[in-house]
Amino acid sequence: MKYLSIILVALCLFSCKNNHEETGKLNIVTTTTMITDLVQNIGGDLIELNGLMGAGVDPHLYKASEGDVTKLYNADIIFYNGLHLEGKLVEVFEKMESSNKIQVPLADGLDTSTLIGSEYFASNYDPHVWFDIEYFKQFSSKVAQVLSENDTENSALYAENLKVYLDKLDALQKEIRATIASLPVEKRILVTAHDAFNYFGKAYDFEVVGLQGLSTATEAGVQDVQRLSSFIIDNKVKAIFVESSVPRRTIEALQQAVKSKGHDVTIGGSLYSDALGNYGTIEGTYIGMFKYNVNTIVNELK
Ligand SMILES: [Zn+2]
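Presented here is an overview of the structure given in this document. Because the structure is a prediction, the values reported are computed rather than measured.

### A closer look at the packing of helix H9 (residues 222-234) against helix H10 (residues 249-260)
Part 1 of the argument: Contact geometry for H9 and H10: axes closest at 9 Å, N-to-C directions at 60°. When the interaxial angle is binned, H9 and H10 end up oblique. Regarding H9 and H10, the two cross each other, and that crossing is right-handed. Of the residues in H10, those in contact with Val-225, Gln-226, Leu-228, Ser-229, Ile-232 and Ile-233 of H9 are Ala-253, Leu-254, Ala-257 and Val-258.
Part 2 of the argument: Grouping the amino acids of the contact of H9 with H10 by side-chain chemistry returns eight nonpolar, two polar and no charged.

### Topic: the pattern of salt bridges
Part 1 of the argument: Here the structure, examined in full by the defined rule, presents seven salt bridges.
Part 2 of the argument: The partner of Lys-137 in a salt bridge is Asp-170, with the nearest N and O atoms 2.7 Å apart. Of this pair, Lys-137 sits in helix H6 (residues 133-150) while Asp-170 sits in helix H7 (residues 155-181), and the two are 33 residues apart along the sequence.
Part 3 of the argument: Classification of Lys-137 by relative accessible area gives buried; the value is 18%.
Part 4 of the argument: Assessed through its relative accessible area of 34%, Asp-170 is described here as partly exposed.
Part 5 of the argument: For the salt bridge of Asp-167 with Lys-163, the shortest nitrogen-to-oxygen distance reads 3.0 Å. Taken together, the positions of Asp-167 and Lys-163, both in helix H7 and four residues apart, correspond to about one turn of that helix.
Part 6 of the argument: Exposure remark for Asp-167: the relative accessible area of 41% places this residue in the partly exposed category.
Part 7 of the argument: Given a relative accessible area of 52%, Lys-163 falls into the exposed group.
Part 8 of the argument: Because the salt bridges share partners, they merge into one network encompassing Glu-134, Lys-137 and Asp-170.

Cut-off values and rules
Residues numbered from 1 in each chain as written. Predicted model: local features only at pLDDT ≥ 70, side-chain atom pairs only at ≥ 80, totals over all residues. Heavy atoms only, no water. Axes fitted to C-alpha atoms, helices over the stretch in contact; angles between N-to-C directions. Helix = DSSP H or I, 4+ residues; strand = E, 2+ residues; numbered from the N terminus. Parallel < 35°, antiparallel > 145°, perpendicular 65-115°, else oblique. Left-handed = near helix turned anticlockwise from the far one by under 90°. Contact = heavy atoms within 4.5 Å. Nonpolar A, V, L, I, M, F, W, Y, C, P; charged D, E, K, R; others polar. Salt bridge = Lys/Arg side-chain N within 4 Å of Asp/Glu carboxyl O. Buried < 20%, exposed > 50% of the residue type's maximum accessible area, 1.4 Å probe, protein only.

Here is the structure:
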């Protein structure tokens, strides 16, 4: 990867042209599907957009392919989550710092005093901030601001798109709060494969327990499974959840441990954690994903 990057930089100095020069549109590269969907909503067809990660992809482990490196070098602007969510891409981003493309780690704009701390990440913060809709609204404003500054002709259109999207996110927030209000607080215990839902828990009064720690890069041990199975039994938790971007076996091991102690817990379906559903489906959008997750959680824990 190191040498590949160096070769590509050298090649690009002579031959790479970005789309900005060819079509007049800004060439944007995004990392996770959540950020790709957001930028699509703000940029629409005013921009050329390339999302690197697809449905079901785990950003903690994602490595840039050769094709990705080319896309990144051709980009005018790169939007990514930051806080070391895209752990293996950081190195690639750092190598490009000397080039004059604009890199925007969206979470860097958030007020760190409100973030959840974590020793698992080099950033010292839990990076799964998109599960708080208020943070996602701040991401949206930042994207609109950066696009507007770099494509001033279309400033008014970006501002309009932002307003429409923020209104949708406000409506989402209202709907989610109403759905969760139907679940008694004592039943708000969310057990999943990895700790992606801490911001969700903070926003909606859920106790969140992950089997695997914050990053999927660390495997759950036998002790974690035993500890958590006791917790499930003690708290009469009805359902536990798998995640689209984490192997199912981690949560199945937990279900087995509960069963071996003479109790039962169902697997309440698959939640979207670090990636959206397939592009073109309802769950392939941030808003659709959020509604799907909340309906699944509330229905199964009731
Ligand atoms: Zn994660």
